[in-house]
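Examination of the molecular architecture
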Amino acid sequence: MEPPPERPRDSPSVADTAAEFLSLIGLKELERCLFAETLAVVAVGASPRDKAQGQWWMAAQWAPYQQEGAPMQSCILVQTRFRGKQNGVPASSTLKAYVTWQLETLEQEEQECLELTPHPTEKTTHIVSHEHGMTVTRTLQEGGAEPRCHSFSYGRARLRARLLEGASLLLLRVLARRQTMPPGLVFPAINSEGDLCTFSYSALGIQRQAVGSAETEVFVIRRAVRASTGAPSVWHSSFLPSGHLAQLMQIGSPVLMLLQDESILSKSGRFEPQLPFPKEPLDWEEDMELYSYFLDRKEELQLSHAAYLQQHPEVRALLSDFLQALLHQQPHDTISFAAEFFAHQRPIGTPFASTGAASPLPSSPAGHPPADSK
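Residues numbered from 1 in each chain as written. Predicted model: local features only at pLDDT ≥ 70, side-chain atom pairs only at ≥ 80, totals over all residues. Heavy atoms only, no water.

**What about the overall build of the chain?**
The following threshold applies: Secondary structure elements follow DSSP: runs of H or I no shorter than four residues count as helices, runs of E no shorter than two count as strands, and numbering proceeds from the N terminus. Summary of the burial criterion: residues with accessible area below 20% of their type's maximum are buried, those above 50% are exposed, and those between are partly exposed, where the area comes from a 1.4 Å probe applied to protein chains only. Residue contacts follow a heavy-atom distance rule, with two residues in contact if any of their heavy atoms lie within 4.5 Å. Only the protein chains shown count as covering a residue, and every accessible area follows the Shrake-Rupley method with a 1.4 Å probe.
Assigned secondary structure in the chain consists of six helices and 14 strands. Across the 374 residues in the chain, those meeting the buried criterion constitute 40%. Considering only contacts within the chain whose residues lie at least 6 apart along the sequence, 50% involve residues at least 24 apart. Only carbon and sulfur atoms are counted for the fraction: they give 54% of the accessible area of the chain, which is about 21,200 Å².

Written out as structure tokens, the structure reads:
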């Protein structure tokens, strides 16, 4: 594993200010930012109602996360997907990040694909946190050649209050809902290449913007990504009061991401559409974006359910007891029998029938100790 190239360390005041700002973001405030949204990819200068050239999607939700040898924990899963063209070449990108509610990144992977003929390229940056800091692994796959990998690490001391892309997307939603921010808001960060950099945020104020055939007010935030070398990357994000994006644009890019669904405006409290879009039949299994999201969501639910059952082994014993009692007595009214069975269950910690209890349906309910109260 090669050490990272030497870069100037961040000023302690930057990390201190950033850490203080993050500590003031409450859990309930962050939970209001957990939703999914979809924007159309259109050419710069195109009409808001022009045909989309692609799609950008983002979702944030609670999800279980576990590293090998570590306990399961609940965190926020941030995902984005882009499908469109770059300079006329079909391109796609994905991001998947596990972030704590304090906006610390546990693991993140970004993937970019350019469908160049006959040599498509795929670039992946995987970043994972561990007790000693963070490890970055960059992989480049060009055509049928062997993938080239490069790994390096950052020590824990260099990661204080440092944002990654997934956490930054959540922070933008928080700032958008507040519709205010302190001047000179800067965070130490790690960019899409895995290099140390800074993310700076500034408010461009309230502006008018078209959404479909309507027009509404949006709060515009400028985000600049500055590394030690090269020109900064600058993004302008226009938000509705609800925190939903109305427009996302990288300065200098020939395309932008644009909200075209007017029905979202009714949720912002600023506009009630008079002519909603007619519903169209949707075959979600044929839609690669939706089907991919379905598979991801299915996997997340399976992991969540498995984690819960692992943490509560008494559930399996309880269900086993009930099935044994049901098949043994074979009641005509199964619903009444189930109600009586579960109403007479012993408190947690008492052995179930399958582990040696004399009867699966006790004649009188077991006493529950009073709950502690203050």
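Now that the structure is up, let's keep going.
**Observations regarding the packing of aromatic side chains**
Put simply, the rule reads: Here a pair means two rings of Phe, Tyr or Trp (six-membered ring of Trp) with centres within 6.5 Å. Their orientation is stacked below 30 degrees between planes, edge-to-face above 60, and tilted elsewhere.
Tallied over the entire structure, the rule returns nine aromatic pairs. Ring plane angle 40° and centroid distance 4.8 Å describe the contact between Tyr 65 and Tyr 98, whose orientation is recorded as tilted. Of this pair, Tyr 65 sits in strand E2 (residues 54-65) while Tyr 98 is found in strand E4 (residues 89-99), placing the two residues 33 residues apart along the sequence. Pair check on accessibility: Tyr 65 and Tyr 98 agree, each one buried. Seen from their ring centres, Phe 341 and Phe 342 are 5.2 Å apart, and the 90° between their planes marks the pair as edge-to-face. Looking at Phe 341, the relative accessible area reads 0%, which means it is buried. Note on Phe 342: relative accessible area 38%, which makes it partly exposed.

**A short note on the side chain of Thr 105**
Summarising the element assignment, Thr 105 is placed in strand E5 (residues 105-114). Among the residues examined, Thr 105 registers a relative accessible area of 4% and is labelled buried. Beyond its immediate chain neighbours, meaning those up to four positions away, Thr 105 contacts Tyr 98, Val 99, Ser 129, Met 134, Leu 164 and Ala 167.

**Some details on helix H6 (residues 334-343)**
Note the threshold: The directions considered for the arc are those from the helix axis to the C-beta atoms. Pairs of N or O atoms are called polar contacts if they sit within 3.5 Å, as long as, within protein, a hydrogen donor faces a hydrogen acceptor (for residues adjacent in sequence, only side-chain-to-side-chain pairs).
Taken together, the buried positions of H6 are occupied by Phe 337, Ala 338 and Phe 341. Buried residues in H6, looked at end-on, bunch into an arc of 100°, giving them a common side. Exposed and oriented more than 90 degrees from the buried face of H6 are Ile 335 and Ala 343. Packing partners of the buried residues in H6 comprise helix H5 (314-329). Its side-chain oxygen at 3.3 Å from the backbone nitrogen of Ile 335, Asp 333 defines the N-terminal cap of H6.

**Some points on the nonpolar core**
What counts, and what does not: Put simply, a nonpolar core is a bunch of buried Ala, Val, Leu, Ile, Met, Phe, Trp, Tyr and Cys residues held in one set by side-chain atoms that sit within 4.5 Å of each other.
The biggest cluster of nonpolar side chains holds 53 residues, and the ones touching the most others in it are Val 78, Leu 103 and Tyr 201. Those residues within four positions of Val 78 in sequence are excluded, and the remaining contacts are Met 58, Ala 59, Ala 60, Leu 95, Lys 96, Ala 97, Val 99, Gly 166, Leu 169 and Leu 170. If you look at the next biggest cluster of nonpolar residues, it comprises nine residues, including Ile 127, Tyr 154, Leu 164 and Leu 196.

**Digging into the environment of Ser 92**
Mapped onto the elements of the fold, Ser 92 is located in strand E4. Judged by its relative accessible area of 18%, Ser 92 is buried. Note: C-alpha distance between Ser 92 and Glu 115 (23 residues apart in sequence) is 8.5 Å. Contact partners of Ser 92, with chain neighbours within four places excluded, come to Phe 82, Arg 83, Gln 111, Glu 112 and Cys 113.

**Description of unusual backbone geometry**
Look at Gln 179: it is not a glycine, yet its phi comes out positive at around 55°. Relative to the elements of secondary structure, Gln 179 occurs in the loop between helix H3 (165-178) and strand E9 (185-190). You can call Gln 179 partly exposed: its relative accessible area is 27%. Backbone geometry places Gln 330, a non-glycine residue, at a positive phi of 45°. Relative to the helices and strands, Gln 330 is located in the loop between H5 and H6.

**A few points about H3**
Filter applied, for reference: Expected span of a helix: the number of residues minus one, times 1.5 Å.
Here H3 is 14 residues long and its end C-alpha atoms lie 20 Å apart, about the 20 Å a rise of 1.5 Å per residue gives. Extensive coverage of H3 is indicated by the burial of 12 of its 14 residues. Listed in full, the buried residues belonging to H3 are Glu 165, Gly 166, Ala 167, Ser 168, Leu 169, Leu 170, Leu 171, Leu 172, Arg 173, Val 174, Leu 175 and Ala 176. Phi turns positive one or two residues past the end of H3, at Gln 179, with a value near 55°.

**Notes on the confidence of the model for the chain**
Which entries qualify depends on this criterion: Across the chain, each position has a pLDDT score giving the predictor's confidence in that residue, from 0 to 100.
Confidence in the prediction of the chain, expressed as mean pLDDT, is 83, and 82% of residues score 70 or more. Contacts from residues 269-279, a stretch scored under 50 in pLDDT, to residues over four places away or in other chains number 17 contacts. Every residue in residues 348-374 is under pLDDT 50, and counting partners more than four places away or in other chains gives 37 contacts.

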